[in-house]
Amino acid sequence: MPGKPAEPLVYGYLESPVGPLLLVADADHLRGISFPDSSTKQEPQAGWRRDDAYFPDTTAQLQAYFAGELREFSLPLLFDGTDFQKTVWQALCAIPYGETMSYGALAAKLGNPNASRAVGAANGANPLPIIAPCHRVIGADSSMTGFGGGVDVKHFLLSHEKARGYQGRLF
């Protein structure tokens, strides 16, 4: 018996302090967030349906986050990646608001202290930035490191959270 055809993805935009965020979801899960000037910027694909009103919970939670009223998201998420990437992205969700962690510390937390570069690569491929807070991962010396949304956006997010361990340096 053939499977049910895949539902088309839905996308919309949310104005935010870091520019318009592209939101992508299926019928049950948030699947992507993309920054407007990202080095990994995602664009709507053929077959996707635009509906800016499709994301009431995501919109409300992101607006509350940017207003300083929300510290932990509770949204149904679907991470599409390798098992290792999914493990890293889930670990990102456990880094508390206002805290930072180095790539090496995150690799050690995952049981492989020598995997900091692999953790960095997975971090850079995170499809749900802000929600899976890859911006909270910084250099071992507390310095700013790369960020798909741009280091200025990472600086904004860490400053917004008044993140401990972050020295406020862009480089």
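The rules behind each value
Residues numbered from 1 in each chain as written. Predicted model: local features only at pLDDT ≥ 70, side-chain atom pairs only at ≥ 80, totals over all residues. Heavy atoms only, no water. Helix = DSSP H or I, 4+ residues; strand = E, 2+ residues; numbered from the N terminus. Core = buried A, V, L, I, M, F, W, Y, C linked by side-chain atoms within 4.5 Å. Buried < 20%, exposed > 50% of the residue type's maximum accessible area, 1.4 Å probe, protein only. Contact = heavy atoms within 4.5 Å. Pairing = 2+ DSSP bridges. Axes fitted to C-alpha atoms, helices over the stretch in contact; angles between N-to-C directions. Parallel < 35°, antiparallel > 145°, perpendicular 65-115°, else oblique. Phe/Tyr/Trp six-rings, centres within 6.5 Å; stacked < 30°, edge-to-face > 60°. pLDDT = per-residue confidence, 0-100.

A. Representation of unusual backbone geometry in the model. Positive phi is not limited to glycine here, since isoleucine 130 has a value of about 75°. Mapped onto the fold, isoleucine 130 is located in the loop between α4 (116-124) and β6 (137-138).

B. Layout of the nonpolar core. Ranked by internal contacts, the top residues of the largest apolar core, which has 40 residues, are Leu21, Leu62 and Ile130. When residues of this core are traced back to their parent elements, those giving at least two are β1 (10-14), β2 (21-25), β3 (30-34), α1 (56-66), α2 (83-93), α3 (103-109), α4 and α5 (151-160). Setting aside residues no more than four positions away along its own chain, leucine 62 makes contact with Leu14, Leu21, Leu23, Ile33, Phe73, Ile130 and Ile131. Core analysis: the second largest hydrophobic core is formed by 5 residues, Leu9, Leu22, Val24 and Trp48 among them.

C. Fine view of the side chain of arginine 136. Positionally, arginine 136 belongs in the loop between α4 and β6. Sequence-distant contacts of arginine 136, that is, excluding residues within four places in its chain, are made with Arg71, Ile95, Pro96, Tyr97, Gly98, Glu99, Thr100, Met101, Leu158 and Glu161.

D. A look at the sheet that holds β3. Strands sit in the order β3-β2-β1-β4 across an open sheet of 4 strands; the sheet is mixed. The sheet is open, and its two edges are formed by β3 and β4 (49-50), each paired on a single side. Bridge count between β2 and β3: 4 bridges; the pairing is antiparallel. Its bridge partner being in β3, valine 24 is matched across the sheet by glycine 32.

E. Broad picture of the packing of α2 against α4. Running from amino to carboxyl end, α2 crosses α4 at an angle of 80°, the nearest separation of the two axes being 9 Å. Considered as vectors, α2 and α4 are oriented roughly perpendicular to each other. Contact with α2, carried on its side by Phe84, Gln85, Val88, Trp89 and Leu92, involves Ala118, Val119, Ala122 and Asn123 of α4 and no other residues of that element.

F. Seen up close, the environment of tryptophan 89. With respect to the helices and strands, the residue tryptophan 89 is situated in helix α2. Sequence spacing of tryptophan 89 and histidine 160 is 71 residues, and the spatial spacing of their C-alpha atoms is 21 Å. Other than its neighbours up to four places away in sequence, tryptophan 89 contacts Phe79, Asp80, Gly81, Ala122, Asn123, Ala125, Asn126, Pro127 and Ala132.

G. Spotlight on the packing of aromatic side chains. Taken as a whole and judged by the stated rule, the model has 9 aromatic pairs. When the centroid spacing of 6.1 Å and the interplanar angle of 90° are considered together, the rings of tyrosine 11 and tyrosine 13 count as edge-to-face. With relative accessibility at 14%, the residue tyrosine 11 sits in the buried group. Among the residues examined, tyrosine 13 registers a relative accessible area of 31% and is labelled partly exposed. One aromatic cluster in this structure is built from Tyr65, Phe66, Phe73, Tyr97 and Phe156.

H. Representation of the confidence of the model for the protein chain in the model. Per-residue confidence for the protein chain gives a mean pLDDT of 90, with 92% of residues at or over 70. Ranking the elements of the protein chain by mean pLDDT puts α5 last, at 91, and α1 first, at 98. Every residue in residues 1-5 is under pLDDT 50, and counting partners more than four places away or in other chains gives 0 contacts.

I. Inspection of α1 at higher detail. For α1, the complete set of buried residues consists of Thr58, Thr59, Gln61, Leu62, Ala64, Tyr65 and Phe66. Among the structural elements, β1, β2, β3 and α5 are those in contact with the buried residues of α1. Immediately downstream of α1, the backbone of glycine 68 shows phi near 80°, a positive value.

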